[in-house]
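# Close look at the chain arrangement
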Amino acid sequence: LISVGPLTNLAAVERRRPGTLGRVRDLLIMGGAIAGGNVRPYAEFNFWYDAPSAKFALAGVAHAVLFALDITNQLCFSENYTALMVRE
């Protein structure tokens with residue numbers, strides 16, 4: 001599952017149907033910042049907008065990979081890379 005926005009909807013699903021996120025093999029999240037945010041000096045929008053939901057959703061998933069703003073500004077998903085991710 002790939003999330004490129006606030007985790008509000010994922011947290012809502014987990015609240016309504018506990019254990020749903022636990023069935024997700026990998027959750028790839030564009031969120032957080034290391035060297036500087038886009039809303040505040042160290043706040044990235046997706047986590048800043050709904051921090052409680054981000055915390056709740058992350059607690060419900062077995063494996064999450066965070067792609068901080070710093071990386072997403074440099075990363076480009078090609079069709080080949082996306083196809084490879086889907087196959088795994």
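Please read these numbers as outputs of a predicted model, since none were measured by experiment. What you see as residue numbers is a count from 1 along each chain, following the sequence as written. Where totals are concerned, whole chains, interfaces and linings use all residues; where local detail is concerned, this predicted model gives features only for residues with pLDDT of at least 70, and gives and counts side-chain atom pairs only at 80 or more. Hydrogens and water are ignored here; the side-chain numbers use all heavy atoms of the structure.

### Remarks on a nonpolar patch on the surface
- Like-charged residues are merged into a patch within 9 Å and nonpolar side chains (Val, Leu, Ile, Met, Phe, Trp, Tyr) within 5 Å, provided each residue has over 30% relative accessible area and no salt bridge. All accessible-area figures derive from a Shrake-Rupley calculation using a 1.4 Å probe, and residue coverage is judged against the displayed protein chains alone. Within this document, salt bridges are pairs made up of a side-chain nitrogen of Lys or Arg and a carboxyl oxygen of Asp or Glu, the two lying within 4 Å of each other. Taken together, the side chains of I71, L75, F77, Y81 and L84 define a hydrophobic patch exposed on the protein surface, amounting to about 430 Å² of accessible area.
- Inspection of the secondary structure assignment puts I71 in helix α4 (residues 69–72).
- Using a 1.4 Å probe on the protein chains alone, a residue whose accessible area is under 20% of its type maximum counts as buried, one over 50% counts as exposed, and one in between counts as partly exposed. Classification of I71 as partly exposed rests on a relative accessible area of 42%. In this description a helix means any DSSP run of H or I spanning at least four residues, a strand means any run of E spanning at least two, and both kinds are numbered starting from the N terminus.

### Points about the nonpolar core
- Nonpolar cores were defined as sets of buried Ala, Val, Leu, Ile, Met, Phe, Trp, Tyr and Cys residues, with membership established by side-chain atoms within 4.5 Å. Ranked by size, the top nonpolar core spans 10 residues in total: L7, L10, L21, V24, L27, I29, F47, A54, A57 and V61.
- Residue assignment for this core shows that the elements contributing at least two residues are β2 (27–30) and α3 (51–60).
- When sequence neighbours within four positions are dropped, the list of residues in contact with F47 reads L7, I29, G31, G32, A54, L58 and L66. Contacts between residues were defined by any pair of non-hydrogen atoms, one from each residue, lying within 4.5 Å.

### Thoughts on α3
- Turning to α3, its buried residues number three or more, namely S53, A54, A57 and G60. Along the axis of α3, the buried residues cluster in a sector spanning 135°; they form a single face. Exposed and facing more than 90 degrees away from the buried side of α3 are P52, K55 and A59.
- Packing partners of the buried residues in α3 comprise α1 (8–16) and α2 (45–49). What the arc describes is the spread of directions from the helix axis to the C-beta atoms.

### Details of the environment of L84
- Here L84 is to be found in helix α5 (residues 79–87).
- Judged by its relative accessible area of 38%, L84 is partly exposed.
- Taking C-alpha positions, L84 is 26 Å from N46, a pair spaced 38 residues apart along the chain.

### What to know about the pattern of salt bridges
- Applying the stated criterion across every chain, the model contains one salt bridge.
- Note that R25 and D26 form a salt bridge whose closest N and O atoms lie 3.1 Å from each other.
- In this structure R25 comes out as exposed when scored by relative accessible area, which is 55%.
- What makes D26 partly exposed here is its relative accessible area of 24%.

### Considering the sheet that holds β2
- The rule for pairing is simple: two strands pair if DSSP sees at least two bridges between them. With parallel pairing, the three strands of this open sheet are ordered in space as β1-β2-β3. Where the open sheet ends on each side, the last strands, each with one partner, are β1 (2–3) and β3 (64–67).
- In this structure, β1 lies alongside β2, joined through two bridges in parallel fashion. Considered in β2, the bridge of S3 is made with I29.

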